[in-house]
Amino acid sequence: MLSCCVIGHRRIEISEQLKNNIKEIIYNLINKGVSKFLFGSKSEFVDLCNEIVIDIQKEFPNVQRIYVRAEYPIISDEYYKYLKTLYDDSYYYDSKKISGKLSYIKRNEFLVRVSDYCLFYFKDSYQPNTKTKSGTRLAYDYATKKRKAIINVC
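Only a predicted model underlies this, so the values are computations on that prediction, with no experimental measurement involved.

Asks: I'd like a description of the nonpolar core, backed by residues and values.
Replies: Counting 27 residues, the largest nonpolar core has Ile22, Ile26, Phe37, Phe45 and Leu119 as its most contacted members. Elements represented by at least two residues in this core include exactly strand S1 (2-8), helix H1 (16-31), strand S2 (34-39), helix H2 (44-57) and strand S5 (117-121). Per-element tally for this core: the top contributor is H2, with 7 residues. Listed in part, the 15 residues of the second largest apolar core include Leu38, Ile66, Tyr142 and Ala143.

Below you can see the structure in the form of structure tokens.
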């Protein structure tokens, strides 16, 4: 079972062309054998891709959408039920009790490591409202270093 992680900037420029491009890429990935899409959080790109995969699942019901949590190793039944309204399943990436921004960076590295493909919305000029590099940039650099199959829609 092949998998693809979805990672992108918090804010993106959404257009019909972008939506159509992502849809075509996801169809191509499914045709290559991808049946599991792994999502992080806090990103308009992730939300957009999740919506597109939901639509495609009508045609390919075997495709799964998995939300990988960076925090909250133990969650309540109510929260799990809520997550199941957004994704097909959710699990926690064991980040060894790392918290804050670093937990999201480590989770994204995990997503890259366990994926056969990495679908990114990475814009080199993007700069978050912080003094540190964006999490997407760090994940993109990590995927490049690991020689992953990267698809950048930006």
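Asks: Lay out the environment of Thr136 with the relevant residues and their values.
Replies: Inspection of the secondary structure puts Thr136 in helix H5 (residues 135-145). Here Thr136 is in contact with Ile7, Gly8, His9, Phe120, Tyr121 and Phe122, once residues within four sequence places are set aside.

Asks: Provide a residue-level description of unusual backbone geometry, including the pertinent values.
Replies: Unlike most non-glycine residues, Tyr72 shows phi in positive territory, near 65 degrees. You can call Tyr72 exposed: its relative accessible area is 52%. With a phi close to 55 degrees, Arg147 is a non-glycine residue in the positive phi region. Take Arg147: it is sitting in the loop between H5 and strand S6 (149-152). On the accessibility criterion, Arg147 (76% relative accessible area) is exposed.

Asks: Let's hear about the state of the cysteines: which residues, and what values?
Replies: Considering all chains together, one arrives at 0 disulfides under this definition. Cysteine Cys49 is unpaired, with the sulfur of Cys4 as its nearest cysteine sulfur at 8.2 Å. Cys49 gets classed as buried once you look at its relative accessible area, which sits at 1%. Free cysteine Cys154: the closest other cysteine sulfur is in Cys49, separated by 12 Å.

Asks: Describe the packing of H1 against H2, listing the residues and the values that go with them.
Replies: Each pair of packed helices gets described by two things: the angle between the helix axes and the distance between those axes. The geometry of H1 relative to H2 is characterised by a closest axis approach of 10 Å and an angle of 60 degrees between their N-to-C directions. In terms of their interaxial angle, H1 and H2 are classed as oblique. When the axes of H1 and H2 are compared, the crossing they make is right-handed. Facing Leu18, Lys19, Ile22, Lys23, Ile26, Tyr27 and Ile30 of H1, the residues of H2 in contact are Phe45, Leu48, Cys49, Ile52, Val53, Asp55 and Ile56. The residue inventory of the contact of H1 with H2, partitioned by class, reads 11 nonpolar, no polar and 3 charged.

Criteria and thresholds
- Residues numbered from 1 in each chain as written.
- Predicted model: local features only at pLDDT ≥ 70, side-chain atom pairs only at ≥ 80, totals over all residues.
- Heavy atoms only, no water.
- Core = buried A, V, L, I, M, F, W, Y, C linked by side-chain atoms within 4.5 Å.
- Buried < 20%, exposed > 50% of the residue type's maximum accessible area, 1.4 Å probe, protein only.
- Helix = DSSP H or I, 4+ residues; strand = E, 2+ residues; numbered from the N terminus.
- Contact = heavy atoms within 4.5 Å.
- Disulfide = S-S within 2.5 Å.
- Axes fitted to C-alpha atoms, helices over the stretch in contact; angles between N-to-C directions.
- Parallel < 35°, antiparallel > 145°, perpendicular 65-115°, else oblique.
- Left-handed = near helix turned anticlockwise from the far one by under 90°.
- Nonpolar A, V, L, I, M, F, W, Y, C, P; charged D, E, K, R; others polar.

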